[in-house]
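Next come the chains, spelled out residue by residue.
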Amino acid sequence: MTLQRQVLIWAACFAVLVLALWLLSPILLPFLAGFVLAYFLDPIADHLQKWGLSRLTGAMVIVVVALILLVAALVVFVPMLVDQVGRFAGELPAIIQSLAARLNAWAPAWMKEAVNNSGTDIQASVTQFAGKAADWILSVLKTLLSGGLALVNLVSLLVVTPIVAFYMLVDWDRMIATIDSWVPRDYVGTVRELGRDVNAAMAGFIRGQGTVCLVLGIFYAAGLTFAGLKFGLAIGLLAGALTFIPYAGAMTGGVLAIGVALVQFWPDYWSIGIVVAIFAVGQFLEGNFLSPKLVGKSIGLHPVWLMFALFAFGYAFGFVGLLLAVPMAAAAGVLVRFALRQYLGSRLYLGTAAQPLPSPSDPVENRPA
C-alpha cells in the first residue's frame, strides 16, 4: 500500500470522526464528561492499585467519593452561586455608574476638560454599557437554564457521567492496550511516541491545569468571601475557571473584584487592599508553586492558539466543543510539531541537491560533513 493511499484512508477516517462528533454533539456531553473525569482520576486509581486495592474496588471508591463531593457542592454552593450571579447582573448598572462617578472625581482637571470639549456624554455611555452588560449576563443565564442545563440534560449528566467514568476507570488500561494493538505495525513506534507526547500535553492541561484552576477557584472564592466582598463566591470561581488561559483569570477576576471593592468599601483602604492582596497572593502561588509543580512545561501551547481553539470548537460543537477544545488543541500541537520536524528533514525543505538531516541513530561516519 502506497503512502498516498494510506494518507487518504486516514484522512477519510478523520473526516468521518469529525462528522460523527458534529452529528452526535447534542448527546455527547455526559459521555465526554465521563471520559474527561476518568482521565483526570486515572492516576488516583493507579495509586489505589499499588496500595493493594483491585481496579474495580478502586474505581468504586473514587466514583462514590466524587459523587458525595458533587452532591455536597450542588446542595451547598450552587444555590449561593446562582443567587450571587443573578444579583450581580441586577446590580451591575448601579456598580458601573458608581465606579464611573468615583473615577470621574479622581480624574485630573485637564482630562475632565478634554472630555467636556469632545462633546462625549460619559454618563450616558456608561449607563448604556451597563444596561447591555446586565442584559447579556441575564441572557446567558437564561440560555444555560433553558438549554445546556435543562432538567433532562442535567439529570443525564448526573446519572450517565458517573457510570461512564466508572467503566472507563475500570477498563482504562485494557482499553489503551487494545487501541495499541490496532496500530499498524510499521508505525507502532512512531505512534507510541506521539501518543506519549499527546498524553503529556493533555495531562498537563486536564490534570495539571485543571487542578490549578480548582485550587485557585477555591482560594479566590474563600478569600473574597471572608473579606466580605459582595459576590465574592461568583467572582472567585470565575477567576479560577478562567485560569487555564494565562493571565485571563487574574485579570478578569481582579478587575471585577477591585471594581466592586471600590464601590462597596471606599474609603476603607484596608478592605480594598485585602482584595488586591488576595489576587497578588493567588498569582504568586500559581507562578511559583502550582503551575511549576502540577503543569510544568508539558503543555507547549501558545495562549492565542488556545483561545482560537476554544472559539472554533465552541462554534462548531457548542458546549461539547468547549470540552473538546483543550485536549484537541494539545493533541494538534503535538501533531503539528511532529509534522514540522518531518518537513524540515524532508527533500521538500532541503531540496534535491541537499543531503537530509542526520538521524541521531546514524553512525558518525555516515553523517554528511
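Since we're looking at a predicted model, the values are computed, not measured.

Here we look at the packing of aromatic side chains
Inspection of every chain in the model, using the stated rule, returns 7 aromatic pairs. Ring geometry for Tyr39 and Trp172: centres 5.8 Å apart, planes at 50 degrees, overall tilted. Taken together, the positions of Tyr39 in helix 2 (residues 29-50) and Trp172 in helix 6 (residues 151-182) put the pair 133 residues apart, joining distant regions of the chain. Both residues of the pair, Tyr39 and Trp172, belong to the buried class. An angle of 70 degrees between the planes, with centres 5.9 Å apart, marks the rings of Phe284 and Phe289 as edge-to-face. On the accessibility criterion, Phe289 (42% relative accessible area) is partly exposed. Put simply, the rings of Phe35, Tyr39 and Trp172 pair up and form one aromatic cluster.

Some words on the nonpolar core
Counting residues in each nonpolar core, the largest one holds 27 residues, and the members touching the most others are Tyr39, Ile62, Leu169 and Met202. Taken together, the elements giving at least two residues each to this core come down to helix 2, helix 3 (55-106), helix 6, helix 7 (188-226), helix 11 (303-317) and helix 12 (319-344). Of the residues forming this core, the biggest block, 7 residues, is contributed by helix 7. Other than its neighbours up to four places away in sequence, Ile62 contacts Leu41, Ile44, Ala45, Leu48 and Leu169. Membership of the second largest hydrophobic core comes to 23 residues, among which are Ala261, Phe265, Ile272 and Ile278.

Some details on the packing of helix 2 against helix 7
Packed helix pairs are specified by the crossing angle of their axes together with the interaxial distance, meaning the distance between the axes. Taken N-terminus to C-terminus, the directions of helix 2 and helix 7 make an angle of 90 degrees; their axes are 10 Å apart at the nearest point. Accordingly, the angle class assigned to the pair helix 2 and helix 7 is roughly perpendicular. Residues Val36, Tyr39, Phe40, Asp42 and Pro43 of helix 2 form the contact with helix 7, whose participating residues are Asn199, Met202, Ala203, Ile206, Arg207 and Thr211. Considering only residue class, the contact of helix 2 with helix 7 consists of 7 nonpolar, 2 polar and 2 charged.

Comments concerning helix 2
Between its first and last C-alpha atoms helix 2 spans 32 Å; for 22 residues at 1.5 Å apiece the expected length is 32 Å, and the two agree. Roughly 45 degrees is the biggest bend found in helix 2, and it falls at Leu41, with proline Pro43 one to four residues downstream.

A closer look at the side chain of Asp42
Looking at the secondary structure, you find Asp42 in helix 2. Residue classification places Asp42 among the buried residues on the basis of a relative accessible area of 6%. Within the structure, the side chain of Asp42 is placed 2.5 Å from the side chain of Arg55, a separation counted as a polar contact. If we skip the residues at most four places from it in the chain, Asp42 touches Arg55, Leu169, Trp172 and Arg207.

Here's the deal with the pattern of salt bridges
Applying the stated criterion to the full structure yields 5 salt bridges. For Arg55, the salt bridge is made with Asp46, and the minimal N-O distance between the two is 2.6 Å. Arg192 is the salt-bridge partner of Asp180, the closest N and O atoms lying 2.8 Å from each other. Of this pair, Asp180 sits in helix 6 while Arg192 sits in helix 7, and the two are 12 residues apart along the sequence. Classification of Asp180 by relative accessible area gives partly exposed; the value is 23%.

Section: the packing of helix 8 (residues 232-241) against helix 9 (residues 248-265)
Two numbers describe how helix 8 lies on helix 9: the axes approach to 7 Å, and their chain directions differ by 165 degrees. With respect to helix 9, the axis of helix 8 lies roughly antiparallel. Here helix 8 runs over helix 9; the crossing is left-handed. Of the residues in helix 9, those in contact with Ile235, Leu238 and Ala239 of helix 8 are Gly249, Thr252, Gly253, Leu256, Ala257 and Val260.

Some points on the environment of Ala325
For Ala325, the position within the fold is in helix 12. Separated by 18 residues in sequence, Ala325 and Met307 place their C-alpha atoms 9.1 Å apart. Sequence-distant contacts of Ala325, defined by excluding residues within four places in its chain, comprise Ala309, Leu310 and Phe313.

Topic: the environment of Cys213
Note on placement: Cys213 falls in helix 7. Under the relative-accessibility criterion, Cys213 is labelled buried at 13%. For the pair formed by Cys213 and Thr243, sequence separation is 30 residues and the distance between their alpha carbons is 5.6 Å.

Overview of the confidence of the model for the protein
Per-residue confidence for the protein gives a mean pLDDT of 76; residues scoring 70 or more make up 76%. Ranking the elements of the protein by mean pLDDT puts helix 5 (residues 122-146) last with 57 and helix 8 first with 86. pLDDT under 50 marks residues 147-151. Its contacts with residues more than four places away, or in other chains, come to 7 contacts. Overall, residues 364-369 carries pLDDT values under 50, and its contacts beyond four positions in sequence, including any with other chains, amount to 7 contacts.

Section: helix 9
With 18 residues, helix 9 extends 25 Å from end C-alpha to end C-alpha; this agrees with the ideal 26 Å at 1.5 Å per step. Three or more residues of helix 9 are buried, namely Ala248, Gly249, Ala250, Gly253, Gly254, Ala257, Gly259, Val260, Ala261, Leu262 and Phe265.

Looking at the side chain of Gln84
Structurally, the position occupied by Gln84 is in helix 3. Not counting residues within four places of it along the chain, the set of residues in contact with Gln84 comprises Phe231, Gly232, Leu233 and Ala234.

Reading the values: rules and limits
Residues numbered from 1 in each chain as written. Predicted model: local features only at pLDDT ≥ 70, side-chain atom pairs only at ≥ 80, totals over all residues. Heavy atoms only, no water. Phe/Tyr/Trp six-rings, centres within 6.5 Å; stacked < 30°, edge-to-face > 60°. Helix = DSSP H or I, 4+ residues; strand = E, 2+ residues; numbered from the N terminus. Buried < 20%, exposed > 50% of the residue type's maximum accessible area, 1.4 Å probe, protein only. Core = buried A, V, L, I, M, F, W, Y, C linked by side-chain atoms within 4.5 Å. Contact = heavy atoms within 4.5 Å. Axes fitted to C-alpha atoms, helices over the stretch in contact; angles between N-to-C directions. Parallel < 35°, antiparallel > 145°, perpendicular 65-115°, else oblique. Nonpolar A, V, L, I, M, F, W, Y, C, P; charged D, E, K, R; others polar. Expected span 1.5 Å × (residues − 1). Bend = angle between axes of the 7 residues up to and from the residue. Polar contact = N/O pair within 3.5 Å; in protein donor to acceptor, adjacent residues only side chain to side chain. Salt bridge = Lys/Arg side-chain N within 4 Å of Asp/Glu carboxyl O. Left-handed = near helix turned anticlockwise from the far one by under 90°. pLDDT = per-residue confidence, 0-100.

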